Every structure is written in structure tokens, then in C-alpha cells.
Amino acid sequence: MSDMNVIERTSLGENTEVKEFTAIYDTDIGDNCTVWRSSNIYGAEIGDDCMIGSLVEIQENAEIGDRCRIQSHAFICSLVTIEDDVFVSHGAKFVNDLYPPSGDEGEWQGTKIHEGVSIGTNATILPVEIGANALVGAGAVVTEDVPENAVVAGNPAKIIDYVDEED
């Protein structure tokens, strides 16, 4: 850890490394994780063996499972749950407020991303549930739940294929 970080009321697991210019508050981060430069994380839970890229924001009440990769410039808002082995590509954004800025946290909605999901670059994920092993294409705007093993793309995102479960 560098002197240029602000890390308060946070537990860092064994072998977890936080790069410079990062702010982390009220967060639990598991073992063997790397948090790259200039990230902002507060009130979240992050599992073991995760990589959090540069310039990522993860807000309070967000949960990230084990072995997840959150690439640079991603935004994970409150009420997002990401299970194990999920890949969130560069610039992906999650939304919890359908009528911003409502200012009423009681109106916010949650999102659940099941294990093995891959989310493409610059995808926007509204409050939905994305089933296990689904693929979300780059630039997709996901406005409805996605079944497991589905491949979705477009704005609004539509099912274009299914992942072969044997691959």
C-alpha cells in the first residue's frame, strides 16, 4: 500500500494489494486481490482472488463474489450483487435508479449477476437478473432479465444466441 491511498474502516485479506491513489472505506476485501490505481470503493464486500481495475467505482451495499474481474472504468452502484467467476469489462455501468435523480433510495432497485457471466465493454445494466454463464455484448443496454446461457446484444438487448453448455 502506498502513502497516497486513503483506506479507512476496511479489512484487506492476506496478499491483497492496493495500488496508489485509491480510496477505500468501510469495505471488506478478501485474500489475493489486486485493486489498481485511482479506484473508489465504499461500503462494499469483495471476495477472494478478485481484480479491480483502475478508475473503478464500487458503491455501498454492492457485493462481489470470488474470482471476479472488474475492468477499468466500470461503475458498480449500490444494490448490485455479483456472484463468483464474473467478468465485467471496461466501462460497464450498472443502474439502480430508473428515474434519476430520484434522490429516494427507497425507490432504487437491485441487480443480480449469477456466476460465470461475462459483461462486454460499455454495457449498461439496469435493475435485472442475469442468469449463470450468460454473455452480454459490448455496448448492450440490458433492460430485462437474461436467462442462463443466453447471449444478448443491442439496445435494448435481445437474445441473439445461447452459449453451448459443453464449451
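Figured I'd write up the structure that's included with this text. As the structure is a prediction and not an experimental result, all values here were calculated from the model. (Residues numbered from 1 in each chain as written. Predicted model: local features only at pLDDT ≥ 70, side-chain atom pairs only at ≥ 80, totals over all residues. Heavy atoms only, no water.)

1. Overview of the sheet that holds strand S17 (residues 111–113)
Here seven strands make up an open sheet; going across it, the order is S2-S5-S8-S11-S14-S17-S20 and the pairing parallel. Edge strands, defined here as strands with exactly one partner in the open sheet, are strand S2 (11–12) and strand S20 (129–130). Here S17 pairs with S20 via two bridges, running parallel. Looking at S20, one finds that lysine 112 is bridged to glutamate 129. (Pairing = 2+ DSSP bridges. Helix = DSSP H or I, 4+ residues; strand = E, 2+ residues; numbered from the N terminus.)

2. A short note on the side chain of lysine 19
For lysine 19, the location among the structural elements is in the loop between strand S3 (17–18) and strand S4 (23–25). For lysine 19, a relative accessible area of 18% translates into the label buried. Of the polar contacts made by the side chain of lysine 19, one reaches the side chain of glutamate 17; its length is 2.7 Å. Here lysine 19 is in contact with Asn5, Thr34, Val35, Trp36 and Arg37, once residues within four sequence places are set aside. (Buried < 20%, exposed > 50% of the residue type's maximum accessible area, 1.4 Å probe, protein only. Polar contact = N/O pair within 3.5 Å; in protein donor to acceptor, adjacent residues only side chain to side chain. Contact = heavy atoms within 4.5 Å.)

3. Observations concerning the environment of histidine 114
The topology assignment puts histidine 114 in the loop between S17 and strand S18 (118–119). Classification of histidine 114 as buried rests on a relative accessible area of 17%. Distance in space between the C-alpha atoms of histidine 114 and alanine 74 is 18 Å, their sequence separation being 40 residues. For histidine 114, the side chain forms a polar contact with the side chain of glutamate 83, separated by 3.3 Å.

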